[in-house]
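Structural features, examined
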Amino acid sequence: MTPTVLRRFPGIPGILLVVAASGACASRTPEQQVVDAAASALGGKTRILAVKTIVVEGDGTIANLGQDMTMDSSSQQFVVSGYRRAVDVANFRARTEQTRTPNFVYFQGPAPQKQIFGVDGSVGYNVAADGKATRTSGVVARDRAVDSYHHPVMLVRTALAPDAKLANVHTSGTERTVDVTTTGGMTFTLAIDAATGLPTRVVSMEDNPNLGDVAIETTFADYESVGGLKLPRQLTTKTDRYATSTLHVTKQTVDGDAGDLSAPQAAASSPPAPVAPAPVVTVEQIAPRIWLLAGQSHHSVVAEFADHLMLIEAPQNDARTLAVIAKARSLQPAKPLTQVVNTHHHFDHSGGLRAAVSEGLTVITQKGNEAFVRDDVQRAHAINPDALARHPQSLKVVTVDEDMELKDAAMTVDLIHVTGNPHSDTLLMAYFPRERVLVEVDAYSPGAAVQPFAANLRDNISAHHMRVDRIVPLHGPVATYADLLQAK
């Protein structure tokens, strides 16, 4: 299982830095004075630059970002226990072990999940339950490196380097801030308490594939003295306006035995994993004028009306959705593809919406998703420009409250709100009454080990008096209604 560790619990790996020559206070720039104040409050330049290892232990939470009941919900959390992050500061290595337990209904069940992952220079890696190590993509490795700077010791240590670039010092309220740019070109904002000098937070601007250009902010509180340093015992991280993690530190060790933190040989000797697999789109005709576009984990469906085509689902990312759109258009080249139905806001099912808008498609979504869709489309993607950033188009959106019938002489589709679903408050399914075909996602996934939402889907089918012969899931193979009745 791939850990969900995007900027979760920042650790503190660093690089060996040369001690900057100190001069009289009067000769220090305002930016350097902010860094000097932070260094002094944390334990002094000499101690910070001499740190070799730090081990952090504790517990906390990880938010289910982009996968909760609504985009602004925060009820779904992974409860983290047994958290331990060991850091080899001089060699830029870190290894994290944690157990996460969902407090919500989850596809993989309620059992605790042990995770082991790390970074060794440019090599990111994960270790599975059976001990097998695999290398991550370069993007994941970079994200873990960025996480490392979201700790006061790491960033102040970096800011003390002679070649660090410091800029944009200013005072706001009780804080003084300065921008720190590393030799690798990454920029972070360090904020310190103007009175004590202790760092209060670190902020960096990063690319999030779904949210675009976002501020990642980690705040620090409840400092304690450990091994000649002041270290925070409470770290809270948010992505944009969304809280993403908390860490309560119960034990910290400086310059103790951190163990061998080098990347496992199997990972170090492998090339970086691709960021995402190249899209493969297969076509299966479900009924006259209805096609399933599958080929990988996330599927879409095309419906042919008298004068246009409609796509159900723009999943995952630009690459997948643009490939699906191209395939959909090839099915009936004489008819324009004009609409895309978004089943719900979850990032893996809405990640291609911006690509669909860039292609001129009208978005149809459940009423509760409208604000999310509008926010998604207007967000800036300048750090890593996507299809919509490169080819801007205005959003056209149509909302469904409880149900909506789309009908002409050739096709009838009923879009229906799946009510009471524990997975999403704004889930839509598509029913083709003439063909007795139901298209749904995440309510029932044939072949999955657990089916926590199947009963709710059965209830919704009954409530709407639908006559269903076949179910076309957007995860898994086509199934029959009888299969759904057996699902538990």
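Rules and cut-offs
Residues numbered from 1 in each chain as written. Predicted model: local features only at pLDDT ≥ 70, side-chain atom pairs only at ≥ 80, totals over all residues. Heavy atoms only, no water. Helix = DSSP H or I, 4+ residues; strand = E, 2+ residues; numbered from the N terminus. Rg over C-alpha atoms; globule rule 2.2 N^0.38 Å. Buried < 20%, exposed > 50% of the residue type's maximum accessible area, 1.4 Å probe, protein only. Areas by Shrake-Rupley, 256 points an atom, 1.4 Å probe, with all protein chains shown as cover. Lys, Arg positive; Asp, Glu negative; His and termini not counted. Charge placed at Lys NZ, Arg CZ, Asp CG, Glu CD. 1 Å grid on protein atoms, 1.4 Å probe; cavity = no way out; pocket = protein on both sides within 12 Å on 5 of 7 lines; lining within 4 Å. Points joined across faces, edges and corners; volume = space filled by probe spheres on them. Nonpolar A, V, L, I, M, F, W, Y, C, P; charged D, E, K, R; others polar. Pairing = 2+ DSSP bridges. pLDDT = per-residue confidence, 0-100. Contact = heavy atoms within 4.5 Å. Axes fitted to C-alpha atoms, helices over the stretch in contact; angles between N-to-C directions. Core = buried A, V, L, I, M, F, W, Y, C linked by side-chain atoms within 4.5 Å. Parallel < 35°, antiparallel > 145°, perpendicular 65-115°, else oblique. Left-handed = near helix turned anticlockwise from the far one by under 90°.

**Comments concerning the overall build of the protein**
Secondary structure summary: the protein contains 12 helices and 26 strands in total. For the protein, whose C-alpha radius of gyration is 25 Å, the value lies close to the compact-globule estimate of 23 Å for 488 residues. In terms of principal-axis extent, the alpha carbons of the protein reach across some 85 × 45 × 40 Å. Counting only residues that meet the buried cut, the protein has 54% of its 488 residues in that class. Summed over its atoms, the accessible surface of the protein is roughly 19800 Å², and 53% of this surface lies on carbon and sulfur atoms. If the 43 positive side-chain charges of the protein are averaged to one point and the 50 negative ones to another, these points end up 4 Å apart.

**Description of the layout of surface pockets**
Roughly 220 Å³ of volume is contained in the second largest pocket. Considering the residues around the second largest pocket, the lining is formed by 19 residues, among which Ala63, Ser73, Ser74, Tyr242 and Ala243 are closest to the centre. Element by element, the count of residues in the lining of the second largest pocket is highest for strand 13 (residues 242-254), at 5 residues. When the residues that make up the lining of the second largest pocket are grouped by side-chain class, the tally is 5 nonpolar, 11 polar and 3 charged.

**Notes on the pairing of strand 15 (residues 290-294)**
Of all 5 residues that make up strand 15, 5 are buried, and the element is covered over most of its length. A two-sided burial pattern is seen for strand 15, the buried positions comprising Ile290, Leu292 and Ala294 on one face and Trp291 and Leu293 on the other. In terms of strand pairing, strand 14 (residues 282-287) meets strand 15 through 5 bridges, oriented antiparallel. Note on strand 15: the bridge partner recorded for Val283 is Leu293. The antiparallel pairing of strand 14 with strand 15 creates a hairpin that spans 2 residues between the two strands, and Arg289 there sits at a positive phi of about 75°. Here strand 15 runs beside strand 16 (residues 300-304); their pairing, made up of 4 bridges, is antiparallel. The partner of Leu292 across the bridge, within strand 16, is Val301. Counting the residues between successive antiparallel strands, the hairpin from strand 15 to strand 16 contains 5 residues, one of them, Gly295, with a positive phi of roughly 115°.

**Digging into the confidence of the model for the protein**
For the protein, the average pLDDT comes to 93, and 95% of its residues sit at 70 or higher. Confidence drops under pLDDT 50 across residues 1-24; counting only partners more than four residues distant or on other chains, this segment forms 90 contacts.

**Notes on the sheet that holds strand 22 (residues 412-417)**
One open sheet accounts for 6 strands, arranged 21-22-23-24-25-26; its pairing is mixed. Only two strands of the sheet have a single neighbouring strand rather than two, namely strand 21 (403-407) and strand 26 (479-480). Sitting on the sheet, helix 11 (residues 454-463) is in contact with strand 22, strand 23 (428-432) and strand 24 (437-440), with an inclination near 135° to strand 24.

**Comments concerning helix 9 (residues 370-378)**
The set of residues buried in helix 9 consists of Phe372, Val373, Asp375, Asp376 and Val377. Among the structural elements, helix 7 (347-350), helix 8 (353-358), strand 19 (362-366) and helix 10 (387-390) are those in contact with the buried residues of helix 9.

**Description of the sheet that holds strand 20 (residues 397-400)**
Spatially, 7 strands are ordered 14-15-16-17-18-19-20 in an open sheet, and the strand pairing comes out mixed. Taken across any chain shown, the strands that pair with only one partner, and hence form the sheet edges, are strand 14 and strand 20. The mean angle between the axes of side-by-side strands here comes to 25°, regardless of whether they run parallel or antiparallel. Across the sheet, helix 6 (residues 318-331) lies against strand 14, strand 15, strand 16, strand 17 (309-312) and strand 18 (337-341), angled at about 150° from strand 15, the strand it touches most. Packed on one face of the sheet, helix 9 meets strand 19 and strand 20 and runs near 145° to strand 19.

**Structural notes on the nonpolar core**
Ranked by size, the top nonpolar core spans 48 residues in total, and within it Ile48, Val156 and Leu190 carry the most contacts. When residues of this core are assigned to their parent elements, the largest contribution, 6 residues, is made by helix 1 (residues 30-42). Non-local contacts of Leu190, meaning those with residues more than four positions away in its chain, are made with Ala38, Leu155, Val156, Arg176, Thr177, Val178, Pro199, Arg201 and Val202. Core analysis: the second largest hydrophobic core is formed by 29 residues, Ile216, Leu311, Phe347 and Leu361 among them.

**Quick look at the packing of helix 1 against helix 4 (residues 152-159)**
As a packed pair, helix 1 and helix 4 sit with axes 10 Å apart at the nearest point and diverge in direction by 135°. In terms of their interaxial angle, helix 1 and helix 4 are classed as oblique. Handedness of the helix 1/helix 4 crossing: left-handed. Contacts between helix 1 and helix 4 involve Val35, Ala38, Ala39 and Leu42 on the former and, on the latter, Pro152, Val153, Val156 and Ala159.

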